[in-house]
Each structure stands twice: as C-alpha cells, then as structure tokens.
Amino acid sequence: MLHARRIALALGSNLGDRAATIEHAIADLRDTPGFVVVDCSPLYVTPPAGGPPQGDYLNGAVLVSTALPARDVLARTQAIERSLGRVRPDPVRWGPRTIDIDILWIEGECIDEPGLEVPHPRLEGRVFALRPLLDVAPDATHPRTGKRYDELPAAHLPMMRA
Ligand SMILES: Nc1ncnc2c1ncn2[C@@H]1O[C@H](COP(=O)(O)OP(=O)(O)OP(=O)(O)O)[C@@H](O)[C@H]1O
Ligand SMILES: Nc1nc2c(c(=O)[nH]1)N=C(CO)CN2
C-alpha cells in the first residue's frame with residue numbers, strides 16, 4: 001500500500017459547455033473513492049496548442065491526495081473522461097475534446113512506461129498546464145532533478161483568467 005501523496009491533474013475542454021464539463025469532472029473527482037480533492041486552480045482561457053484549427057480551451061488543474069497507484073488514477077480519470085463524452089480513440093491528434101484529464105505530476109514519482117509517463121512529457125512546454133500546476137502546488141519540483149517548476153520562464157507568462 002502506497003502512502004498518500006499529492007497528484008496534480010490537468011483539466012482541459014474546448015467543446016460544448018466547457019465550464020460546466022470541467023465542473024462535472026471536478027465533482028466526479030471529488031466522488032472518486034480514494035481521492036481527496038485538496039485544491040482547484042482558477043480556469044484559464046488558452047489558445048489551442050498543436051492540432052487542427054479549433055476553439056480556445058478552458059484549462060485548469062486539480063490537486064488530489066491519494067494512495068492509489070498511478071495506473072489506478074489513470075483508469076479513474078479515463079473513466080471520468082468517457083462519462084463526460086470523450087470519444088476514444090481521438091478522431092484527430094490534439095483535436096477538440098469535451099474533456100481531457102492528464103496526470104501532470106506526482107510528488108516524488110517518475111514513471112516512464114508504455115501508456116504512462118509522469119511528469120507529463122509536455123508539461124514544461126505548456127504554459128496552460130504549468131501555471132495551473134503551480135497554482136495548486138507552488139512548491140512542485142521535478143521528481144528526478146529536484147528543479148522547481150516555478151523557475152521555468154514559461155511559469156510567469158501572462159494568462160487570461162476565465
Ligand atoms: N501523464 C499522463 N496522463 C494521461 N495520459 C497519459 C500520460 N502519460 C501517458 N498517457 C497516455 O497517453 C494516452 C493519450 O492521452 P491523451 O488522449 O490525454 O493525449 P492528448 O491529450 O491527446 O495529448 P497529450 O498527451 O499531448 O496531452 C493515454 O491513453 C495514456 O495512456
Ligand atoms: N490550449 C490548449 N491546447 C491544447 C490542449 C489544452 O488542454 N489546451 N491539449 C492538447 C492535448 O492534450 C493539445 N492542445
């Protein structure tokens with residue numbers, strides 16, 4: 001049995017009622033056995049990064065405390081995505097989606113396995129993930145290098161609150 005540790009989950013939506021879908025996702029995370037939702041970031045309006053032309057995203061992050069193994073966390077977040085209308089496999093890579101829930105960071109854990117990489121491999125280049133992570137875990141460090149995420153220049157770029 002693992003000890004409870006902090007896990008930051010990224011939330012993103014750019015299809016349908018984005019705010020309502022994200023609120024549903026947060027409610028579902030709160031209702032997930034084994035999860036304690038510790039904090040939620042503000043939501044930000046962010047231009048799409050990559051993929052085809054598509055609408056702006058709402059992005060945020062949720063900090064969860066849980067002893068569940070990372071694989072179980074992924075299974076639960078993917079079940080929530082499905083229940084909120086996420087279609088898989090994605091019809092288009094990085095295309096529009098009702099909801100995306102990624103594991104951004106797990107305190108003290110590095111995972112590099114097929115189908116699961118933590119910290120999220122694109123975290124450091126994505127201001128729409130980095131800023132919400134720092135909102136809920138300002139002291140977050142890379143679990144292997146110990147480097148603080150708030151030292152990355154991208155962490156301080158201006159962002160638009162929803
Ligand atoms: N840290 C992670 N969080 C969520 N999924 C991950 C992670 N690492 C690997 N994956 C795998 O990536 C697959 C695709 O995930 P997803 O559909 O969220 O990607 P995406 O949002 O389209 O793109 P990106 O990975 O660039 O955010 C998932 O099925 C999952 O197995
Ligand atoms: N602004 C923004 N752009 C994206 C996002 C996202 O959440 N926000 N997610 C992607 C794939 O995960 C690809 N591009």
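Summary of the structure given here. (Residues numbered from 1 in each chain as written. Chains lettered and ligands numbered in written order. Predicted model: local features only at pLDDT ≥ 70, side-chain atom pairs only at ≥ 80, totals over all residues. Heavy atoms only, no water.)

1. A look at the packing of helix α1 (residues 18-30) against helix α2 (residues 70-83)
Working step 1: At their nearest, the axes of α1 and α2 sit 10 Å apart, and the two run at 140° to each other. Here α2 runs oblique to α1, going by the angle between their axes. Considering only the axes of α1 and α2, their crossing is right-handed. Contacts from Ala 25, Asp 28 and Leu 29 of α1 reach α2 at Thr 77, Ile 80 and Ser 83.
Working step 2: When the residues that make up the contact of α1 with α2 are grouped by side-chain class, the tally is three nonpolar, two polar and one charged. (Axes fitted to C-alpha atoms, helices over the stretch in contact; angles between N-to-C directions. Helix = DSSP H or I, 4+ residues; strand = E, 2+ residues; numbered from the N terminus. Parallel < 35°, antiparallel > 145°, perpendicular 65-115°, else oblique. Left-handed = near helix turned anticlockwise from the far one by under 90°. Contact = heavy atoms within 4.5 Å. Nonpolar A, V, L, I, M, F, W, Y, C, P; charged D, E, K, R; others polar.)

2. Description of the site of ligand 1
Working step 1: Residues in close proximity to ligand 1 total 16 residues, the closest being Arg 88, Gly 115, Glu 117, Arg 122 and Arg 126.
Working step 2: With respect to ligand 1, the side chain of Asp 100 contributes an N or O atom lying 2.9 Å from an oxygen atom.
Working step 3: One of the side-chain nitrogen or oxygen atoms of His 120 is found 3.4 Å away from an oxygen atom of ligand 1.
Working step 4: Burial of ligand 1 by the protein chains amounts to 80% of its free accessible area of 610 Å².
Working step 5: When each cavity is represented as a set of grid points, ligand 1 is found to reside in the largest pocket.
Working step 6: Of all elements in the fold, only α2, β5 (100-106) and β7 (116-118) reach the threshold of two or more residues within the shell around ligand 1.
Working step 7: Sort the elements by how many residues they give to the shell around ligand 1 and β5 lands first, with three residues.
Working step 8: A per-class count over the shell around ligand 1 returns four nonpolar, three polar and nine charged. (Near = heavy atom within 4 Å. Polar contact = N/O pair within 3.5 Å; in protein donor to acceptor, adjacent residues only side chain to side chain. Areas by Shrake-Rupley, 256 points an atom, 1.4 Å probe, with all protein chains shown as cover. 1 Å grid on protein atoms, 1.4 Å probe; cavity = no way out; pocket = protein on both sides within 12 Å on 5 of 7 lines; lining within 4 Å. Sits in = over half its atoms within 2 Å of the grid points.)

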